[in-house]
Amino acid sequence: MESVLKAQRGGESVLDLSPRWTVGGGVEDVYGEDRATEDQLVTPWTVSVASLLRDPHHNKGLAFNEKERDAHYLRGLLPPAIISQELQEKKLMHSLRQYDLPLHKYMAMMELEIYDFLGLQERNERGIILEVLRNWPQRTIQVIVVTDGERILGLGDLGCQGMGIPVGKLALYTALGGVRPSGCLPITIDVGTNNEQLLNDEFYIGLKQKRATGKEYYDFLHEFMTAVKQNYGEKVLIQFEDFANHNAFELLARYGTTHLVFNDDIQGTASVVLAGLVASLKLLGGTLADHRFLFFGAGEAGTGVAELIAIEMSKQSKIPLEETRKKIWLVDSKAIKPTALIGTSGVGKTFTKEVVEAIASFNQKPLIMALSNPTSQSECTAEEAYTWTEGRAIFASGSPFDPVEFNRKRFVPGQANNAYIFPGLGFGLVISGAIRVHDDMLLAASEALAGQVTDEHCDKGMIYPPLSNIRKISAHIAANVAAKAYELGLATRLPRPADLVKYAESCMYTPSYRSYR
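Residues numbered from 1 in each chain as written. Predicted model: local features only at pLDDT ≥ 70, side-chain atom pairs only at ≥ 80, totals over all residues. Heavy atoms only, no water.

1. Points about the sheet that holds strand β14 (residues 414–415)
For sheets, the rule is that strands pair by backbone hydrogen bonds, running either parallel or antiparallel. Strand order across the open sheet formed by 6 strands is β8-β7-β9-β10-β11-β14, with parallel pairing between neighbours. Looking at the sheet topology across the chains shown, the edges are occupied by β8 (328–329) and β14. Note: strand β9 (residues 340–343) against strand β10 (residues 367–370), 4 bridges, orientation parallel. Across the sheet, the residue bridging to I342 is M369, located in β10. Across the sheet, helix α12 (residues 264–284) touches β7 (293–296), β9, β10 and β11 (394–397), and the angle it forms with β10 is around 155 degrees. (Pairing = 2+ DSSP bridges. Helix = DSSP H or I, 4+ residues; strand = E, 2+ residues; numbered from the N terminus. Contact = heavy atoms within 4.5 Å. Axes fitted to C-alpha atoms, helices over the stretch in contact; angles between N-to-C directions.)

In structure tokens:
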């Protein structure tokens, strides 16, 4: 992947640490969130009692104990009952389980969320982006997820209404990866929309203009990237999310050597799929270089996955990258007899019975990865894959499928969910103080994830570990990524911790109430 982007940069590498963009900066834990279980005095600026109850960073609701209520004048401002955090969680989960519709559950969960967001409009904020960033109340940002709303998964061009994606991704950074909430900043860059329905909607809140393109677009993005580093320093991670293909690769190529940037659609998808392939070798046997991979779909996800597979194959076998690329096909071909069929087309039902039976005819254990989202766009279902291969398929998908019973055996489909990778990867970059993202870090993340797949998982046909273990998984991924950052000389947090897994676990944010003296 780096070799492709390097060509677009005119030969400049991530490891060159381009002097064009080198400024200082860092982050600190203003709210003490990384030390959430320590006793702590009420926040210094809190001079009124109401601040404790109004600020969601400090409000514990009915969990304030008798001593705290007396010390901070909360008597009469709360009902007399004292309810622990554990009981509050139990009550919340009981309420959520009363809803039948996922939408109602989502709405109830959103009421708990305290994320704000930042919107930048190309027409109104050009020339003053740095000033707009300084309006954000938090000064110590660790991770930014930014979108321009052009390619929102399954929905297309949503313009400024794509903000739910950065907010949702950052919620996963916190819940799954342990990044503290106050260090997260979701941003939408509004450069217009080509969605006629939105342009004609009187209630649409974004810019009612066709999307800016070419020099106008890239000048605005450049001002944004410059302002982010100037305001937050060199170690802030910028994750590009749901940009259209024609901009996604270009932005990685432009800023990969000058900023800490990552594209989840390209690099995150590639890393999680590679992890599944590496784990599947426990069932298939051999090395990656012994197999052939056929992709249906050559967009940013497919090409990103293909390139990372080729890189890992070259690394393992010492075969030149140009040769390993020849084992990967991005077009339909009946001659290559692939071991693995990987769908990234976004077109549902394309892995027909004839296609699946064909790959099963020359493979004892055909690997089928139907990665397109949402479920309706999956290339085939888990049940179809297992049935058409008579239970021999190793199956994974982009959307979740229920376990399948076939011939009295229970198969558990894997889900190649990017949530396995990006929270741990991002956290590893944060805890090491990394200043660039290198392909070897993506490989390190894949290897760490594959290493969490046990023989017990393989017996069930699983090539990904259960998401219920995601915090442990993220800690191992973060440690592997951080180790690679130190090895490459891209880490700035010194000295290097002796045990990176324990260090990652100790740094993870946990939403535990603090005690106030």
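Resuming the write-up.
2. Comments concerning the packing of helix α20 (residues 470–488) against helix α21 (residues 500–507)
For any two helices packed against each other, the geometry comes down to the angle between their axes and how far apart the axes lie. Two numbers describe how α20 lies on α21: the axes approach to 8 Å, and their chain directions differ by 120 degrees. As summarised for this structure, α20 and α21 are arranged oblique, according to the angle between their axes. Note on packing geometry: the crossing formed by α20 with α21 is right-handed. Every residue of α21 that contacts α20 at A475, H476, A478, A479, A482, A483 and Y486 is listed here: L500, V501, A504 and E505. (Parallel < 35°, antiparallel > 145°, perpendicular 65-115°, else oblique. Left-handed = near helix turned anticlockwise from the far one by under 90°.)

3. Focus: the pattern of salt bridges
Taken as a whole, this structure holds 21 salt bridges when the rule is applied. D70 serves as the salt-bridge partner of R75, at 2.8 Å between the closest nitrogen and oxygen. Residue R75 is classed as partly exposed on the basis of its relative accessible area of 46%. Where E357 meets K353, a salt bridge forms, and the shortest distance between an N and an O atom there is 3.9 Å. Of this pair, E357 and K353 both sit in helix α15 (residues 353–361), 4 residues apart, which is roughly one turn of the helix. Judged by its relative accessible area of 38%, E357 is partly exposed. (Salt bridge = Lys/Arg side-chain N within 4 Å of Asp/Glu carboxyl O. Buried < 20%, exposed > 50% of the residue type's maximum accessible area, 1.4 Å probe, protein only.)

4. Focus on the nonpolar core
I187, F224, F293, I309, M369 and Y464 are the most contacted members of the largest nonpolar core, which totals 117 residues. When sequence neighbours within four positions are dropped, the list of residues in contact with M369 reads V273, L277, L341, I342, G343, F351, A396, I463 and Y464. With 18 residues, the next largest nonpolar core counts L294, A370, C380 and A382 among its residues. (Core = buried A, V, L, I, M, F, W, Y, C linked by side-chain atoms within 4.5 Å.)

5. A look at the sheet that holds strand β6 (residues 261–263)
If you trace the 5 strands from one edge of the open sheet to the other, you get β2-β4-β3-β5-β6, paired in parallel fashion. Looking at which strands have only one partner, the edges of the open sheet turn out to be β2 (118–121) and β6. Geometrically, the sheet is characterised by an average inter-axis angle of 25 degrees between neighbouring strands, direction not taken into account. Two strands pair when backbone bridges link them, and strand β5 (residues 237–240) and β6 are joined in this way by 3 bridges, in the parallel orientation. Paired with Q239 across the two strands is F262, which belongs to β6. Contacting β3 (143–147), β4 (184–190), β5 and β6, helix α8 (residues 164–177) crosses the sheet at an angle of about 165 degrees to β4. Sheet strands in contact with helix α11 (residues 245–255) are β5 and β6, and its direction is about 160 degrees off that of β6.

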